[in-house]
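Structure at a glance
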Amino acid sequence: MKKKYLSIALFLFLSVYCFSIEFPGMDVHWGLIWIGNAEEEGAPSPLLPTLGVSLPVYFAPFFFLDPGMDFYGTSYQLSETGSGKAVPTEIEYANYIWYLIMRLDIPAGFRFNFSDNLAAGVTAGPSFLFRMPLIAWGDCAQSGSTCREEMGSYFYGSGRFFYPEAGLFFIWKMFDKAALLIEAKTFFPLFHAWDGEEVPFYDQFMVAGSVGLRFFF
């Protein structure tokens with residue numbers, strides 16, 4: 001038993017010794033995100049501008065975590081079928097709410113260095129969507145309206161705020177204190193496996209691309 005505990009302690013010691021934590025810099029990026037809408041009502045699948053920041057944390061030259069936040073917004077309406085589903089809509093629709101969306105990403109990644117200034121890699125991990133209703137129009141803005149409650153119940157019910165993500169990135173160090181960063185990510189609506197909605201897989205599937213800068217500390 002003592003040998004077992006000694007082995008565990010040695011493993012933990014070596015892990016701490018070998019994996020030193022490093023914060024190389026901060027990323028600022030701009031991009032677009034596509035959100036699939038398979039419903040006949042509402043708007044076509046929206047393509048929205050995004051703005052985000054992230055702070056990579058390296059545990060080894062090739063392995064890191066990349067927690068970050070992206071912000072974007074769009075309008076939603078309640079389905080007229082009475083299902084309680086919230087679907088993206090256009091501003092011409094009479095009754096809708098505009099949502100500010102904050103996406104929290106916590107992916108892990110592997111980096112492959114091609115040279116001192118050029119690298120690429122892959123990422124994967126959990127992502128969480130927090131949708132905040134800011135402005136309502138039409139019936140949704142009237143006193144006693146239940147639009148916010150119904151949409152909130154839909155967005156946060158059945159785990160629709162949780163998305164597994166996977167991505168690719170390319171980074172080119174242009175200057176001593178800055179690098180060009182290009183990223184592409186996909187977000188999978190895993191909740192369709194249990195939410196009971198009979199919709200194509202691409203409904204609420206998301207694809208994002210961004211270009212940004214990494215500012216080194």
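Residues numbered from 1 in each chain as written. Predicted model: local features only at pLDDT ≥ 70, side-chain atom pairs only at ≥ 80, totals over all residues. Heavy atoms only, no water.

A few words now on the nonpolar core. Membership of the largest hydrophobic core comes to 22 residues, with the highest contact counts inside it found for Tyr72, Tyr76, Ile97, Tyr99, Met151, Phe155 and Met206. The element best represented in this core is helix 2 (residues 147-156), accounting for four residues. Not counting residues up to four positions away in its chain, the partners in contact with Tyr76 are Ala86, Val87, Pro88, Thr89, Tyr96, Ile97, Tyr99, Ile101, Arg131, Met151 and Phe155. Counting seven residues, the second-largest nonpolar core is a separate cluster that includes Tyr58, Ala119, Phe169 and Ile171. (Core = buried A, V, L, I, M, F, W, Y, C linked by side-chain atoms within 4.5 Å. Buried < 20%, exposed > 50% of the residue type's maximum accessible area, 1.4 Å probe, protein only. Helix = DSSP H or I, 4+ residues; strand = E, 2+ residues; numbered from the N terminus. Contact = heavy atoms within 4.5 Å.)

Our next topic: a nonpolar patch on the surface. On the surface, Phe62, Phe110, Phe112, Phe114, Val122 and Leu168 cluster together into a nonpolar patch covering about 620 Å² of accessible area. Position of Phe112 relative to the elements: it lies in strand 8 (residues 108-113). Among the residues examined, Phe112 registers a relative accessible area of 47% and is labelled partly exposed. (Patch = residues over 30% accessible without salt bridge, like charges linked within 9 Å, V, L, I, M, F, W, Y side chains within 5 Å. Areas by Shrake-Rupley, 256 points an atom, 1.4 Å probe, with all protein chains shown as cover. Salt bridge = Lys/Arg side-chain N within 4 Å of Asp/Glu carboxyl O.)

Per the stated rule, a full pass over the model turns up 15 aromatic pairs. When the centroid spacing of 5.4 Å and the interplanar angle of 50° are considered together, the rings of Phe63 and Phe110 count as tilted. Of the two residues, Phe63 sits in strand 4 (residues 63-65) while Phe110 sits in strand 8, which places them 47 residues apart along the sequence. On the numbers, 5.8 Å between centres and 90° between planes, the contact of Tyr76 with Tyr99 is edge-to-face. Of this pair, Tyr76 sits in strand 5 (residues 68-78) while Tyr99 is found in strand 7 (residues 96-105), placing the two residues 23 residues apart along the sequence. By the ring-pair criterion, three or more aromatic residues cluster together here, those being Phe59, Phe62, Phe63 and Phe110. A cation over an aromatic ring shows up here: Arg160 above the ring of Tyr154, its NZ or CZ 4.0 Å from the ring centre. Positioned over the ring face of Phe216 is Lys173, at 5.0 Å from the centre of the ring. (Phe/Tyr/Trp six-rings, centres within 6.5 Å; stacked < 30°, edge-to-face > 60°. Lys NZ or Arg CZ within 6 Å of the ring centre and 35° of its normal.)

Within the span of helix 2, buried status applies to Cys147, Met151, Tyr154 and Phe155. For helix 2, the buried positions fall inside an angular range of 95° around the axis, keeping them on one side. Contacts from the buried residues of helix 2 go to strand 5, strand 6 (86-88), strand 7 and strand 9 (118-137). Of the residues trailing helix 2, Ser158 is marked for its positive phi of about 60°. (Arc of directions from axis to C-beta.)

For the structure on display, the rule yields one disulfide. Disulfide pairing is shown between Cys140 and Cys147; the S-S distance is 2.2 Å. Disulfide Cys140 to Cys147: torsion about the S-S bond roughly -65°, handedness left-handed. You'll find Cys140 and Cys147 in the same group, each marked buried. (Disulfide = S-S within 2.5 Å.)

Attention shifts here to the layout of surface pockets. Space inside the largest pocket adds up to approximately 150 Å³. Only strand 8 and strand 12 (206-216) provide two or more residues apiece to the lining of the largest pocket. Its residues placed into classes, the lining of the largest pocket shows four nonpolar, one polar and three charged. (1 Å grid on protein atoms, 1.4 Å probe; cavity = no way out; pocket = protein on both sides within 12 Å on 5 of 7 lines; lining within 4 Å. Points joined across faces, edges and corners; volume = space filled by probe spheres on them. Nonpolar A, V, L, I, M, F, W, Y, C, P; charged D, E, K, R; others polar.)

When strand 1 (residues 25-35) meets strand 12, the two strands line up antiparallel, connected through eleven bridges. What sits directly across from Met26, in strand 12, is Phe215. (Pairing = 2+ DSSP bridges.)

This paragraph deals with the environment of Lys85. Along the chain, the position of Lys85 falls in the loop between strand 5 and strand 6. Through-space distance from the C-alpha of Lys85 to that of Val199 is 12 Å; in sequence the pair is 114 residues apart. For Lys85, the contacting residues outside a window of four places in its chain are Glu39, Gln77, Leu78, Ser79, Tyr154, Glu197, Val199, Asp203 and Gln204. Separated by 3.0 Å, the side chains of Lys85 and Asp203 make a polar contact. (Polar contact = N/O pair within 3.5 Å; in protein donor to acceptor, adjacent residues only side chain to side chain.)

It is worth stressing that arrangement in space is one thing and function is another; only the former is reported here.
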